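Observations on the model geometry
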Amino acid sequence: MTDRPPLPPFDLESATTKVQAAEDAWNTRDPVKVAGAYTADSVWRNRDQFITGRDAIIEFLTGKWQRELDYALRKSLWGFRQNRIAVRFQYESHDPAGHWWRSYGNELWEFDEHGFMRRREASINDVAIDEGERRIFGPRPADEHGRDFPIH
């Protein structure tokens with residue numbers, strides 16, 4: 001098995017790098033690319049769904065990005081310890097009818113010794129917004145990496 005650095009145990013720099021890498025991958029909206037960061041038997045809780053394995057992750061993400069159009073995400077490191085990282089995030093998207101949403105959430109991540117995520121638990125709340133209230137436009141520019149993104 002190939003390693004996916006940075007590897008646990010995490011320090012501030014490696015945890016921050018891992019969070020930014022996840023944000024960058026999810027902003028591609030490429031289910032196969034995103035799923036490549038997870039173990040083959042990764043277990044997820046996403047809202048009220050329970051998902052196991054890369055194939056199920058790819059299926060889930062494919063459907064997600066068919067419903068959540070023009071998806072753009074920001075993640076922030078919340079905490080870390082050994083092989084675990086906690087993040088908070090916000091993303092914006094619109095549904096096929098053109099209604100915009102900002103989704104706020106928290107994730108708990110657990111990694112194997114090779115740096116692949118074996119467990120992901122996500123709690124997410126959606127808030128309807130007007131298009132004029134958008135604050136997230138595409139992937140984060142490199143000069144903003146590592147900066148916290150305000151909740152408001």
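Scroll up a little and you will see the structure.
A quick note: this is a predicted structure, and the numbers were derived from the prediction, not measured.

Some words on the side chain of K18
Within the secondary structure, K18 sits in helix 1 (residues 12–27). Here the side chain of K18 touches R4 through a polar contact of 2.7 Å, landing on its backbone oxygen. Those residues in contact with K18, other than ones at most four positions away along the chain, are R4, P5, P6, F10, I85, W109, F111 and G115.

What about the sheet that holds strand 4 (residues 84–94)?
The strand order across the open sheet built from 6 strands is 2-1-6-5-4-3, with neighbouring strands paired in mixed fashion. The open sheet is flanked by strand 2 (49–52) and strand 3 (69–81), the only strands paired with a single partner. Neighbour to neighbour, the strand axes of the sheet diverge by 20 degrees on average, direction disregarded. Where strand 3 lies against strand 4, 10 bridges are found, and the strand directions are antiparallel. Counterpart to L69 in the pairing with strand 4 is H94. Strands strand 1 (38–46), strand 3, strand 4, strand 5 (100–111) and strand 6 (117–129) of the sheet are contacted by helix 1, whose axis makes an angle of about 165 degrees with strand 3. Contacts between helix 3 (residues 54–67) and the sheet are confined to strand 1, strand 2, strand 3 and strand 4, with strand 1 contributing the most and set at about 50 degrees to the helix.

Scoring rules and cut-offs
Each chain has its residues counted from 1, following the order in which its sequence is written. Restriction of local features to residues with pLDDT of at least 70 applies here, the model being predicted, together with a cutoff of 80 or more for giving and counting side-chain atom pairs; totals for whole chains, interfaces and linings are based on all residues. Hydrogens and water are ignored here; the side-chain numbers use all heavy atoms of the structure. Every helix listed is a DSSP run of H or I at least four residues long, and every strand listed is a run of E at least two residues long, numbered separately from the N terminus. Two N or O atoms count as a polar contact when they lie within 3.5 Å, although within protein this holds only if one can serve as hydrogen donor and the other as acceptor, and sequence-adjacent residues are included solely when both atoms are side-chain atoms. In this analysis, two residues are considered to be in contact whenever any of their non-hydrogen atoms come within 4.5 Å of each other. DSSP bridges decide pairing: two strands pair if at least two such bridges lie between them. For helices, the fitted line uses only the C-alpha atoms of the stretch in contact; every axis is such a line through C-alpha atoms, and the angle between N-to-C directions lies from 0 to 180 degrees.

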